[in-house]
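# Notes for the structure review
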Amino acid sequence: METVEVTRRSETAKVVRQAKKRNMRKVVTISLFTAPALIVYLVYVVYPILSTLSYSFYSWDGTSDKTFIGFENYVQLFHDAIFWTSLTNNAWVVITSVFVQIPLGMIMALMLFAPIRGIRLFSSVYFLPFLMSTVAIGLLWVYMFDPINGIINQLINFLGFENVAWLSDENTALIAILLVVVWQFSPFYMILFKAAMVGIGEELYESAEIDGANSWQKFFHITFPLLMPTIVSSSILAIVGSLKAFDIFYIMTGGGPNHATELMGTYMFKQAFINFNMGYASAIAFIMFLIALVVTILIQVIDFNRKKKGAF
Amino acid sequence: MVQSLRKMPLYVIGLVLLVFTGYPFVYMISTSLKDQSTFFERPFAIFTSIEWGNYADVFQMGLTRYFINSILVSVAAVVAVMLIAALASYPLSRMNFRFNRGLFLLFISGMMLPIHATLIPIFKLSQNMGLYDSLLALLGPYIAFSLPISIFILTQFMQEIPKSLEEAAKIDGCSHFGIFWRIILPMLTPALMTVFIYNFIHLWNEFIFALVLVSSPENMTLPLGLQDFYGEFSVNVPGLMAALTLASLPMLVVYLFSQEKVVKGLTGGAVKG
């Protein structure tokens, strides 16, 4: 009786030991597989964000000693008119992306299915802008918008209108750059919509046709509702992408004239690497991070609720 | 006749979009083939004069160096990313463990991250490591910021590989690494292709890290070099257009030869199937 008990106990111990050993091996395996990615990610993403947060509480020129000033940078930031201008401009980029790029992308995608000749060539060309590097796009359009020799003003002259200064005029600079942003990114949304449209069953249109629906009715009652998930995901990409905008603005105007095209990104860059206000720049950078974080969480929550309600 | 009249609006929209998307390219290439005086006198002329001199100038200004730098750093970073991301995606998509979900979210949340939030610390880090103003300084951030989308694409793909395959291998005494290397990795090829194209194009065009971490011309990548050209060439518009054309050429050529792969790669993960 007792011996049986002892053997059983030692057997349980053995099983537990084996399970522990197996568990240890599993932990080691998982660690080895994820370690390279995790190390790179911690060093170049997680640690820098925490450092940015800590720098934002100091007054610092990047080389000499830091002085702790608490929330001073943030207080200054909230009274900084240029910061509010840049925040507004970022909002404009978001609005243009959602309300111009996405509809245009959808129109371009619809055109790809249009029963007209040469559409294969059209579709190849439509995608081209998205392939060009942002720096090259910026420089190309800087010259196209040139006040004197730019092709756009040449055309305006040719049609008998006055020259427009475009990028050097506070009133037109933002619109000009936003046009370029639309030019660059609409093809991306075109592809997203095209993929979604390919997925819509032909039989839906056929039965609608039998019921006597015209093209508009088919679009508004079949295509558009079925594209809703793509519209939502495109909007998410557009919003998150717009908050990160930098390259094209930096290249085309550097945020000028007189901060008319300043973004949080360009303002942060100037404060950090031209004025060497590293502490202040860190505060801007951390605000950018917070905005992106809040927007992402909001989108997730809204998306989750929408799905719970059974919508798409 | 009636049929083709009804299609007129479609042709008009199609052509307007064609001019909108295509004309800037025509302008860039045709201007790059003009000499200075033709550029000023006949701005609208397309391909009436073919002048290769601007391209020779651009090569003399050292564009080749920027090309080589861009290729080196993009290829090195992308190859590293493919390996590191594939390794990490294996347990994330095929093993149950406690922090699986948290770790996955930590990685993919990097997709929404504004680079600016890491810029100053990475700049200081590169100085402290003695890497500032070298291509090596770019490698770390390039790999790190390519990881989120790569892990996202690869985990999605790996989840769909049937479990039975590796269970058979496990019975045969294959280790996890053996399963990964011999079974999973060969099946990943299409996903790795997407990862390669997406990241290569993004890194080829990357600007802000290069702007902050590199300062001397011999270490500049193509986007940074182009911006540098802008300063020197500001009065020689055809010369700058030649540089822009050359810089855009590799992507355009690759696109011409494998449209579908490039489109799928560039929209990485956003388009399913």
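Residues numbered from 1 in each chain as written. Chains lettered and ligands numbered in written order. Predicted model: local features only at pLDDT ≥ 70, side-chain atom pairs only at ≥ 80, totals over all residues. Heavy atoms only, no water.

A separate point is the overall build of chain B. Scanning chain B from terminus to terminus reveals 15 helices and 0 strands. A compact globule built from 273 residues would reach a C-alpha radius of gyration of about 19 Å, whereas chain B, at 24 Å, exceeds it by more than 25%. In chain B, buried positions account for 56% of the 273 residues. Surface accessibility of chain B: about 12,200 Å² in total, with carbon and sulfur atoms responsible for 66%. Side chains of chain B give 15 positive and 14 negative charges; the mean places of these two sets differ by 16 Å. (Helix = DSSP H or I, 4+ residues; strand = E, 2+ residues; numbered from the N terminus. Rg over C-alpha atoms; globule rule 2.2 N^0.38 Å. Buried < 20%, exposed > 50% of the residue type's maximum accessible area, 1.4 Å probe, protein only. Areas by Shrake-Rupley, 256 points an atom, 1.4 Å probe, with all protein chains shown as cover. Lys, Arg positive; Asp, Glu negative; His and termini not counted. Charge placed at Lys NZ, Arg CZ, Asp CG, Glu CD.)

Bringing the overall build of chain A into the picture now. Looking only at helices and strands, chain A features 12 helices and 2 strands. Of the regular secondary structure in chain A, the N- to C-terminal order runs α-β-β-α-α-α-α-α-α-α-α-α-α-α. Overall size of chain A, expressed as C-alpha extent along the three principal axes, is 110 × 75 × 35 Å. Counting only residues that meet the buried cut, chain A has 49% of its 312 residues in that class. Element-wise, carbon and sulfur atoms account for 66% of the exposed surface of chain A, whose accessible area totals about 16,100 Å². For chain A, the separation between the mean place of its 20 positive charges and that of its 19 negative charges on side chains is 20 Å.

Residue and element names in this part refer to chain B. Splitting chain B by domain gives domain 1 (2–51) and domain 2 (62–266). Computed over C-alpha atoms only, the centres of domain 1 and domain 2 are separated by 35 Å. Between domain 1 and domain 2, the residue contacts involve 10 residues of the former and 10 residues of the latter. When the buried area of domain 1 at its contact with domain 2 is split by residue, M28, S32 and Q36 rank highest and sum to 56% of it. At the boundary of domain 1 and domain 2, one finds 0 salt bridges. The tally of links between domain 1 and domain 2 comes to 0 residue pairs in polar contact (both at pLDDT 80 or more). (Domains from an automatic or database assignment. Contact = heavy atoms within 4.5 Å. Buried area = accessible area lost by both parts, 1.4 Å probe. Salt bridge = Lys/Arg side-chain N within 4 Å of Asp/Glu carboxyl O. Polar contact = N/O pair within 3.5 Å; in protein donor to acceptor, adjacent residues only side chain to side chain.)

Located in the positive-phi region is N258 of chain A, a residue other than glycine, with phi close to 50°. Following the sequence through the fold, N258 of chain A ends up in the loop between α10 (247–252) and α11 (264–273). Residues other than glycine seldom take positive phi values, yet D133 of chain B does so here, at roughly 60°. Along the chain, D133 of chain B falls in the loop between α7 (116–128) and α8 (135–159).

Contact geometry for helix α10 (residues 176–187) of chain B and helix α11 (residues 189–204) of chain B: axes closest at 5 Å, N-to-C directions at 65°. For the pair α10 of chain B and α11 of chain B, the contacting residues are L185, P186 and M187 of chain B in the first and T189, P190 and L192 of chain B in the second. (Axes fitted to C-alpha atoms, helices over the stretch in contact; angles between N-to-C directions.)

All names here are of chain A. In this structure, N90 sits in helix α3 (residues 81–112). Here N90 falls in the buried class, since its relative accessible area comes to 2%. Excluding residues that lie within four positions of it along the chain, N90 makes contacts with S242, L243, L263 and M264.

On to the packing of aromatic side chains, then. Inspection of the entire model under this criterion finds 44 aromatic pairs over all chains. Judged by centre distance (5.7 Å) and plane angle (25°), the rings of F200 of chain B and W204 of chain B are stacked. Residue F200 of chain B and its partner W204 of chain B are located together in helix α11, separated by 4 residues, close to a single helical turn. Taking relative accessible area as the criterion, F200 of chain B reaches 16% and is therefore assigned buried. If you follow K66 of chain A out to its NZ or CZ, it ends over the ring of Y58 of chain A, 6.0 Å from the centre. Its end group placed over the ring of W60 of chain A, K66 of chain A keeps NZ or CZ at 4.7 Å from the ring centre. (Phe/Tyr/Trp six-rings, centres within 6.5 Å; stacked < 30°, edge-to-face > 60°. Lys NZ or Arg CZ within 6 Å of the ring centre and 35° of its normal.)

Turning our eyes to something else, we now look at the pattern of salt bridges. Residues and elements named next belong to chain A. Within this structure, the stated rule accounts for 2 salt bridges over all chains. Among the ionic pairs, E209 bridges to K218, the shortest N-O distance being 2.7 Å. Note that K270 is salt-bridged to E262, the shortest N-O span being 2.8 Å. With a relative accessible area of 22%, K270 lands in the partly exposed category. A relative accessible area of 0% means that E262 is categorised as buried.

Take the interface of chain A and chain B next. The parts lose accessible area when they come together, and the size of an interface is often stated as this lost area. Taken together, the 81 residues of chain A in the interface contact 84 residues of chain B. In total, about 7,600 Å² of surface goes out of reach between chain A and chain B, with carbon and sulfur atoms giving 82% of it. Connecting chain A to chain B are 0 salt bridges. Where chain A touches chain B, the interface holds 14 residue pairs in polar contact (both at pLDDT 80 or more). At 20 residues, helix α1 (residues 2–55) of chain A tops the list of elements feeding residues into the side of chain A that touches chain B. In the side of chain A that touches chain B, the residues fall into 64 nonpolar, 13 polar and 4 charged. (Nonpolar A, V, L, I, M, F, W, Y, C, P; charged D, E, K, R; others polar.)

Once that is clear, we can look at helix α4 (residues 119–127) of chain A. Along an α-helix, residues three or four positions apart point the same way, because every turn accommodates 3.6 residues. Of all the residues in α4 of chain A, the buried ones are I119, F122, S124, V125, Y126 and F127 of chain A. Buried residues along α4 of chain A sit in contact with α3 and α7 (173–198) of chain A together with α2 (8–32), α14 (237–257) and α15 (259–266) of chain B.

Glancing now at the domain arrangement of chain A. All names here are of chain A. The domain architecture assigned to chain A consists of domain 1 (2–55) and domain 2 (77–308). Using only C-alpha atoms to locate each centre, domain 1 and domain 2 end up separated by 45 Å. The interface of domain 1 with domain 2 comprises 4 residues on the first partner and 5 residues on the second. Of all residues in domain 1, I49, T52 and Y55 give up the largest surface area on contact with domain 2, accounting jointly for 78% of the area buried on that side.

Before going further, it helps to examine a nonpolar patch on the surface. Among the surface-exposed residues, L155, F158, L159 and F161 of chain A together with F44 of chain B lie close enough to one another that they form a single nonpolar patch of about 580 Å² accessible area. Among the structural elements, F158 of chain A can be located in helix α6 (residues 151–158). Residue classification places F158 of chain A among the exposed residues on the basis of a relative accessible area of 67%. (Patch = residues over 30% accessible without salt bridge, like charges linked within 9 Å, V, L, I, M, F, W, Y side chains within 5 Å.)

Another aspect to go through is the side chain of N199 of chain B. In this structure, N199 of chain B sits in helix α11. In contact with N199 of chain B, other than residues within four places in its own chain, are V78, V81, S146, I149 and S150 of chain B.

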